[in-house]
Amino acid sequence: MRARGAALGSEVLPADRAGKFEFAHRLGYTIPQAVRGDKSFLAVTFPRVGGRFGRLKRMKKSSPVSRSGRFAGGPAADVAAFSESISFDWRLWRHDIRGSKAHAAMLQRIGLLTRQELQELLAGLDQIAAEIEAGRFRWKAELEDVHMNIEAELTRRVAAGAKLHTGRSRNDQVALDMRLWLRDEIRALDGEVQSLQRALVELARREEDVIIPGYTHLQRAQPVYLAHHLLAYVEMLARDRERLNQCFDRVNVCPLGCGALAGTTLPLDREWVARLLGFVDERGRPRLCQNSMDAVSDRDFAVEFCSVAALLAVHLSRLAEDLVLWASAEFNFLSIADAYTTGSSLMPQKKNPDVAELTRGKSGRVIGNLVALLALLKGLPMTYNRDLQEDKERLFDSVDTVRATTRLCAAMLRHSRANRKACAAAAADPALLATDLADYLVRKGMPFRQAHHVVGQLVALAEQSGRKLNQLTPAELQALDPRLGPDALEVFDLKRALLRRQVPGSPGAKQVQRQLARWERLLK
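Residues numbered from 1 in each chain as written. Predicted model: local features only at pLDDT ≥ 70, side-chain atom pairs only at ≥ 80, totals over all residues. Heavy atoms only, no water.

**Student:** How would you summarise the overall build of the chain if you had to cite specific residues and measurements?
**Tutor:** When helices and strands are tallied, the chain shows 18 helices and 8 strands. Relative to its full complement of 524 residues, the chain shows a buried share of 51%. In the chain, the share of contacts with a sequence separation of at least 24, taken over all contacts with a separation of at least 6, comes to 73%. With an accessible surface of roughly 24,100 Å², the chain has 53% of that area assigned to carbon and sulfur atoms. (Helix = DSSP H or I, 4+ residues; strand = E, 2+ residues; numbered from the N terminus. Buried < 20%, exposed > 50% of the residue type's maximum accessible area, 1.4 Å probe, protein only. Contact = heavy atoms within 4.5 Å. Areas by Shrake-Rupley, 256 points an atom, 1.4 Å probe, with all protein chains shown as cover.)

Right, here's the structure in full:
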């Protein structure tokens, strides 16, 4: 991933298992509690219990900060509970504070804040960030979302907090927060996909001399090195990383300063803020959303990421399916360490590849998130509509799911090994080299379609006589076609057959070694 500006900090929160932020609209229940590192989020369901991300206060009837003097009072309690988003958008807090710092610095630069006010705002935001990090911040559901929670608390502590929203709407604010957050997540995911590529290459190198059948229609087809099969997934993941980089470029555009939909009459310095927040191109030039209406209603970047994530999830699912098959007694090509398998509650002999199965299953939810986002957007008039609040859970879930799945797949592969005897027994099937026998006839001058037919007759003869293809006698071969000389049976030498595959991209021994070395070099 190409590095972009990292002003004002760009720490990435670890992605943990998705969907573990329970929230009951009967307020006072369920607080997300996180465990540092790669451990799962734990959801506690006791009233008013605090966790790392703070405590949620019971809904009040007072009017939220976002309601102007046009309203006589606050929303009905059930409306407030129905429309809140703090139960899931709290995770944007770090990026919301980062954006607010940049916005405040710009307001001071253009003369709408004094230096003293800016210092007070920055100190107040730092204090709030520290409290959120420590789990001491009290989230208030009546304030609806992460933006108003932070701004309201800042204003309570610092008088100048009332000026922070100058020239800014929650419409461009949330668009900024999502882009900042997604930039960091894309960088982190790119590194995790690269780690998975390394795990595949490492397994391929450890088992570089293992040969297995390649399959079409899940029927044995032709022999390949196991390494060649594994490197196919490395190639898929390389395309996933290309798409992530391309997605990053379109995420990396700054919407701040576009207001609710029509900008502002104030002299905001959008270019300066964009540079400060790292929204720049390779030459350091600011990248700005060029149409204010598009800026606040655009969720193409979220849809695009979810599309990239869905295809990555499909690739992981295909890899998982191969691993499930290979770990079965019917194939027995691969052993997965006990730590990455599970047992049965009834059958004591079972060793189930549940990590691979869950990887396969979770692809469905990622695909579903993409479809949900597309359905969400398809009928929206310009510009911002509250429907867009529903984008975050779909985006968050896709990010969490593909990141966790990618990490687990890499760890599982690092704790797997080939069952060499089973692989060798399967690869010894001479039918895998039937096409090589057709190639032998082609070298003798026979058109391939005719050679294909002749070898098909030999396969039928072997099946009818209950023998393997390489057990037919030279006399039987020549009786079918005289061009099948005494050396025809030499094509069934498996190692020599793979050495003959010299075309670039083929599973030949030299080609596989060349590709292994190439990927080891690229993934250093």
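**Student:** Give me unusual backbone geometry: which residues, what numbers.
**Tutor:** The peptide bond linking methionine 382 to threonine 383 adopts the cis configuration, its omega dihedral lying at 5°. When you line up the elements, threonine 383 lands in the loop between helix 11 (354-377) and helix 12 (391-414). One non-glycine residue, histidine 217, adopts positive backbone phi at about 55°. As for its placement among the helices and strands, histidine 217 is situated in the loop between strand 5 (211-216) and strand 6 (219-225). Residue asparagine 332 is not a glycine yet carries a positive backbone phi of 60°. Positionally, asparagine 332 belongs in the loop between helix 10 (300-327) and strand 7 (334-336). Judged by its relative accessible area of 34%, asparagine 332 is partly exposed.

**Student:** Could you give an account of helix 4 (residues 115-134), with specific residues and numbers?
**Tutor:** End to end, helix 4 covers 29 Å across 20 residues, agreeing with the expected 28 Å (1.5 Å per residue, within 8%). Buried within helix 4 are the following residues: Glu117, Leu118, Leu121, Gly124, Leu125, Ile128, Ala129, Glu131 and Ile132. Viewed along the axis of helix 4, the buried residues span an arc of 165°, placing them on a single side of the element. The exposed set on the far side of helix 4, more than 90 degrees from its buried face, consists of Arg115 and Gln119. At its buried positions, helix 4 is contacted by helix 3 (93-109), strand 4 (138-140) and helix 5 (146-157). Glycine 135 sits one or two positions beyond helix 4 and adopts a positive phi of about 80°. (Expected span 1.5 Å × (residues − 1). Arc of directions from axis to C-beta.)

**Student:** An account of helix 13 (residues 420-427) is needed here, citing residue identities and associated values.
**Tutor:** Along an α-helix, a turn takes 3.6 residues, which lines up residues three or four apart on a common side. Of the residues making up helix 13, those classed as buried are Ala422, Cys423, Ala426 and Ala427. All buried residues of helix 13 fall inside an arc of 130° around its axis, so they share one side. Across from the buried face of helix 13, at angles greater than 90 degrees, the exposed residues are Lys421 and Ala425.

**Student:** Which residues make up the pattern of salt bridges, and what values do they have?
**Tutor:** As enumerated under the stated definition, the model contains 36 salt bridges in all. With a shortest N-O distance of 2.6 Å, glutamate 153 and arginine 156 are connected by a salt bridge. Of this pair, glutamate 153 and arginine 156 both sit in helix 5, 3 residues apart, which is roughly one turn of that helix. By relative accessible area, which is 11% here, glutamate 153 ends up buried. Classification of arginine 156 by relative accessible area gives exposed; the value is 61%. Salt-bridge contacts for glutamate 235 lead to arginine 518; the nearest nitrogen and oxygen are separated by 3.2 Å. Here glutamate 235 is found in helix 7 (residues 226-251), whereas its partner arginine 518 is found in helix 18 (residues 509-522), with 283 residues between them in sequence. Of the residues examined, glutamate 235 reaches a relative accessible area of 29% and is grouped as partly exposed. What makes arginine 518 partly exposed here is its relative accessible area of 27%. (Salt bridge = Lys/Arg side-chain N within 4 Å of Asp/Glu carboxyl O.)

**Student:** Give a description of a nonpolar patch on the surface that names residues and reports values.
**Tutor:** A cluster of nonpolar side chains, Leu261, Met293 and Met382, forms an exposed patch at the surface whose accessible area comes to about 280 Å². By relative accessible area, leucine 261 is classed as partly exposed at 36%. (Patch = residues over 30% accessible without salt bridge, like charges linked within 9 Å, V, L, I, M, F, W, Y side chains within 5 Å.)

**Student:** I'd like to hear about the pairing of strand 6, residue by residue, with values.
**Tutor:** Sheet topology note: the strand 5/strand 6 ladder contains 6 bridges and is antiparallel. Across the sheet, the residue bridging to glycine 214 is glutamine 222, located in strand 6. In this structure, the hairpin formed by strand 5 and strand 6 is closed by a connection of 2 residues, where histidine 217 is found at a positive phi of approximately 55°. (Pairing = 2+ DSSP bridges.)

**Student:** Break down the packing of aromatic side chains for me, citing the residues and quoting the values.
**Tutor:** A complete count under the given rule lists 4 aromatic pairs for this structure. Both rings, one in tyrosine 215 and one in phenylalanine 331, keep their centres 5.7 Å apart while their planes meet at 50°; by these two values the pair is tilted. Here tyrosine 215 is found in strand 5, whereas its partner phenylalanine 331 is found in the loop between helix 10 and strand 7, with 116 residues between them in sequence. Judged by relative accessible area, tyrosine 215 falls into the partly exposed class, the value being 27%. For phenylalanine 331, a relative accessible area of 17% puts it in the buried group. (Phe/Tyr/Trp six-rings, centres within 6.5 Å; stacked < 30°, edge-to-face > 60°.)

**Student:** Please provide a residue-by-residue account of the packing of helix 6 (residues 170-206) against helix 7, values included.
**Tutor:** Between helix 6 and helix 7, whose axes approach to 9 Å, the crossing angle comes to 165°. In terms of orientation, helix 6 lies roughly antiparallel with respect to helix 7. Regarding helix 6 and helix 7, the two cross each other, and that crossing is left-handed. Each residue belonging to the contact of helix 6 with helix 7 can be placed in one class, and the counts come to 20 nonpolar, 3 polar and 6 charged. (Axes fitted to C-alpha atoms, helices over the stretch in contact; angles between N-to-C directions. Parallel < 35°, antiparallel > 145°, perpendicular 65-115°, else oblique. Left-handed = near helix turned anticlockwise from the far one by under 90°. Nonpolar A, V, L, I, M, F, W, Y, C, P; charged D, E, K, R; others polar.)

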